[in-house]
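For reference, the chains in residue letters:
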Amino acid sequence: MLAQFGANFAAVHSVVGQFNRRRSGILLAGVAVAAVTLGGCMPATVALIGADPADPGAKVAGAGYRSTIAPYTSLRPTAPAPWRQQNERVAPAPKSGR
C-alpha cells in the first residue's frame with residue numbers, strides 16, 4: 001500500500017511539474033511580447049525649450065550667499081553682572097492692585 005502511494009505521488013508530481021514548466025514558459029513568452037508591444041507605445045522625445053541643461057556654456061542665474069548665522073554674536077566670555085539688577089530688568093511689572 002505504501003509503495004503504491006509513493007508511485008502515485010511520483011506520477012502526479014511528474015505531471016504537475018511538466019504542466020508548471022509549460023505554463024511558466026507561456027507566461028514568460030507573454031511577458032516578452034507585452035514588453036515589446038508596449039515599448040512601441042513610448043512617446044517620442046521632444047526638443048528642449050530653452051538652453052540644454054547639459055551644456056556647460058549655458059547662462060545661469062547668479063548664485064548669492066546669505067549666511068545662516070549672520071545675526072549671531074558671541075556672548076561669551078562675559079563679565080559677571082549683579083544678579084539682582086538682571087532679575088529686576090526681566091521681571092514682570094508689579095500690579096498696582098496688590
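Structural data are supplied above this passage.
The paragraphs below set out a description of the structure included in this document. These numbers were taken from a predicted model, which means no experiment stands behind them.

Let's shift gears to the overall build of the protein chain. Looking only at helices and strands, the protein chain features 2 helices and 0 strands. Relative to the 2.2 N^0.38 estimate, which gives 13 Å for 98 residues, the radius of gyration of the protein chain is 41 Å and therefore markedly larger than a compact globule would have. Each principal axis of the C-alpha atoms in the protein chain carries an extent, and together these give about 105 × 60 × 35 Å. Split into buried and exposed, the 98 residues of the protein chain put 1% on the buried side. For the protein chain, the computed accessible surface area is about 10,200 Å², with 65% contributed by carbon and sulfur atoms.

Before going further, it helps to spend a moment on the environment of Pro71. Structurally, Pro71 can be placed in the loop between helix H1 (2–39) and helix H2 (83–90). For Pro71, a relative accessible area of 76% puts it in the exposed group. In this structure the C-alpha to C-alpha distance between Pro71 and Ala34, which are 37 residues apart in sequence, comes to 62 Å.

Before going further, it helps to spend a moment on the environment of Gly40. Inspection of the secondary structure puts Gly40 in the loop between H1 and H2. C-alpha of Gly40 to C-alpha of Lys95: the two residues are 55 residues apart in sequence and 82 Å apart in space.

Criteria and thresholds
Residues numbered from 1 in each chain as written. Predicted model: local features only at pLDDT ≥ 70, side-chain atom pairs only at ≥ 80, totals over all residues. Heavy atoms only, no water. Helix = DSSP H or I, 4+ residues; strand = E, 2+ residues; numbered from the N terminus. Rg over C-alpha atoms; globule rule 2.2 N^0.38 Å. Buried < 20%, exposed > 50% of the residue type's maximum accessible area, 1.4 Å probe, protein only. Areas by Shrake-Rupley, 256 points an atom, 1.4 Å probe, with all protein chains shown as cover.

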